[in-house]
Amino acid sequence: MNSFARRRRPTAAVLISLAVATGVTACGSGSGSSGTKGADSGTYTIWDPYPQFAKGSAWTNLLDKCGTEAGVKVKRTGFDTSDLTNKALLAAQQGNSPDILIVDNPVVSTLAEAGVLTTTDDNKLDTSKVDPNLLAAGQSGGKTYGTPIGANTLALYYNKKVLKEAGVDIASVKDWASLTAALEKVKKAGKKGITFSAIGTEEGSFQFLPWFWGAGAKLTQLDSAQGESALSLWKDWLKGGYAPNSVINNTQTTSWQEFATGDYAFAENGTWQLANAKKAGFEYGVLPIPGASGGSAAAPTGGEFVTLPVQDDTGRYTTSQKLATCLTSTQNLYDTDTTLSYVAPTSEVQGKQVAANAELKPWVDAVKAAKGRTSDDLGTKYPKISEQMWKAVQSALSGSKSPKDALTDAQSAVK
């Protein structure tokens, strides 16, 4: 017997207030046509943010395989990440949610607060093997609303030739002071230091968070001394010529393009650049972003959650759970996360990934230290905090405000 409570559909006001753009992942962009649930009860709908995978790809073949194992047909639609939240909220209002919804992890709390998703207590999805720090991104109000299909995060790529010519031993880079000292040596050797994205969007916040968290700062207090030290670090890098002024407008893509010239020692970027790194034409390495005083800083997690939206026909949940379980099984996670250049959400599959490709070891370490942007039960508070954070970064780096004043104003705006 199904124990799911019938939930009220989100109103138009809820749609407007909660349709926020919070996703920063490695997913490709594109557009998909909307999908609706099949009139035939033997057809189950799946919406995902992977429009780059067409019919016949490894991803769509997996969906079909899971459908076959569950004894149903799968009707899949791939949406652009930025469109999927709004589509999901609208579908819920109309009582036409897909059976399986795969969404960027910061969006989970938005949909949960709108009453769109069932909890894992309700839908019986097994999350016992998932790393707790990754699962936290899908938790809100003490409840869990799905399971991660994989994770990506940020680390520092470095150019081995540039560092060697500057006399920098990468093993010496353990904290902010030693990283800055390395950048100084690189500059003196006539090369460029570090590039990153500080653009005035979620991408800017995404890239600033490892330094913010690495200083010991908390998102509930943007104007702490720790937060100020992180923003001052970036400001000092620009002032010293260790980072280019272009970071103010850099996306993660344009920042990577700068690193790919071969002139930079370091670039902050994500797992999704691994394929491009292999094509760069120079030897590179990967280093987890260091904390202010050493150790690995917590970087934000990207990646998606497999969720089960609320249905009027509660009899569909059993099969939906079978589909979700199939998609997140050990073997299928390994295949899918390899395709997506993601790190798996379980230690078991992470071990398989590293055994197959030793280059993933620093990324697994970075993911194990990573943190969800909506963790600490921030939920839908995060987008407002993030907006003020990227505005503060822009103000400080452009010179219009000091790091202290920029963060003080940001905290006031959040309140």
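Quick caveat: nothing in here was measured; it's all calculated off a predicted structure.

Notes on the environment of Gln321
(1) Moving on: For Gln321, the location among the structural elements is in helix α13 (residues 317–327).
(2) Moving on: Sequence spacing of Gln321 and Ala70 is 251 residues, and the spatial spacing of their C-alpha atoms is 9.6 Å.

Structural notes on helix α11 (residues 252–259)
Residues that lie three or four places apart on an α-helix share one face, since the helix turns once every 3.6 residues.
(1) Moving on: Taken together, the buried positions of α11 are Gln252, Ser255, Trp256, Glu258 and Phe259. Buried residues of α11 fall within an arc of 155° about the axis and therefore sit on the same side.
(2) Moving on: Here the buried face of α11 lies against β7 (154–159), β8 (192–195), α9 (202–214), β9 (264–270) and α12 (274–278).
(3) Moving on: With a side-chain oxygen lying 3.2 Å from the backbone nitrogen of Thr253, the N-terminal cap of α11 falls on Thr251.

With respect to the state of the cysteines
(1) Moving on: Taken as a whole and assessed by the stated rule, the structure comprises one disulfide.
(2) Moving on: Paired by a disulfide, Cys66 and Cys326 hold their sulfur atoms 2.0 Å apart. Judged by the sign of its S-S torsion, about -75°, the cystine formed by Cys66 and Cys326 is left-handed. Remark: Cys326 occurs in helix α13 and Cys66 occurs in helix α2 (residues 58–70); sequence separation between them is 260 residues.

Regarding the environment of Cys326
(1) Moving on: When its relative accessible area of 8% is taken as the criterion, Cys326 is described as buried.
(2) Moving on: Every residue in contact with Cys326, bar those within four places of it in the chain, is listed here: Cys66, Glu69 and Asn332.

Criteria and thresholds
- Per chain, the residues get numbers from 1 upward, laid out in the order the sequence is written.
- With the structure being a predicted model, the display of local features is reserved for residues of pLDDT at least 70 and the display and counting of side-chain atom pairs for 80 or more, all residues being used for whole-chain, interface and lining totals.
- Water and hydrogen atoms were dropped before computing side-chain values, which therefore reflect all heavy atoms in the structure.
- To qualify as a helix, a DSSP run of H or I must reach at least 4 residues; to qualify as a strand, a run of E must reach at least 2; elements of each kind are numbered from the N terminus.
- In this scheme, a residue with accessible area under 20% of its type's maximum is buried, one over 50% is exposed, and one in between is partly exposed, where area comes from a 1.4 Å probe on protein chains only.
- Think of it as the arc spanned by the lines of direction from the helix axis to the C-beta atoms.
- Here, residues are in contact when the closest pair of their heavy atoms is within 4.5 Å.
- We define a polar contact as two N or O atoms separated by no more than 3.5 Å, with the added condition that, inside protein, one atom must be a possible hydrogen donor and the other a possible acceptor, whereas residues neighbouring each other in sequence contribute only through side-chain atom pairs.
- Throughout, disulfides are identified as pairs of cysteine sulfur atoms within 2.5 Å of each other.

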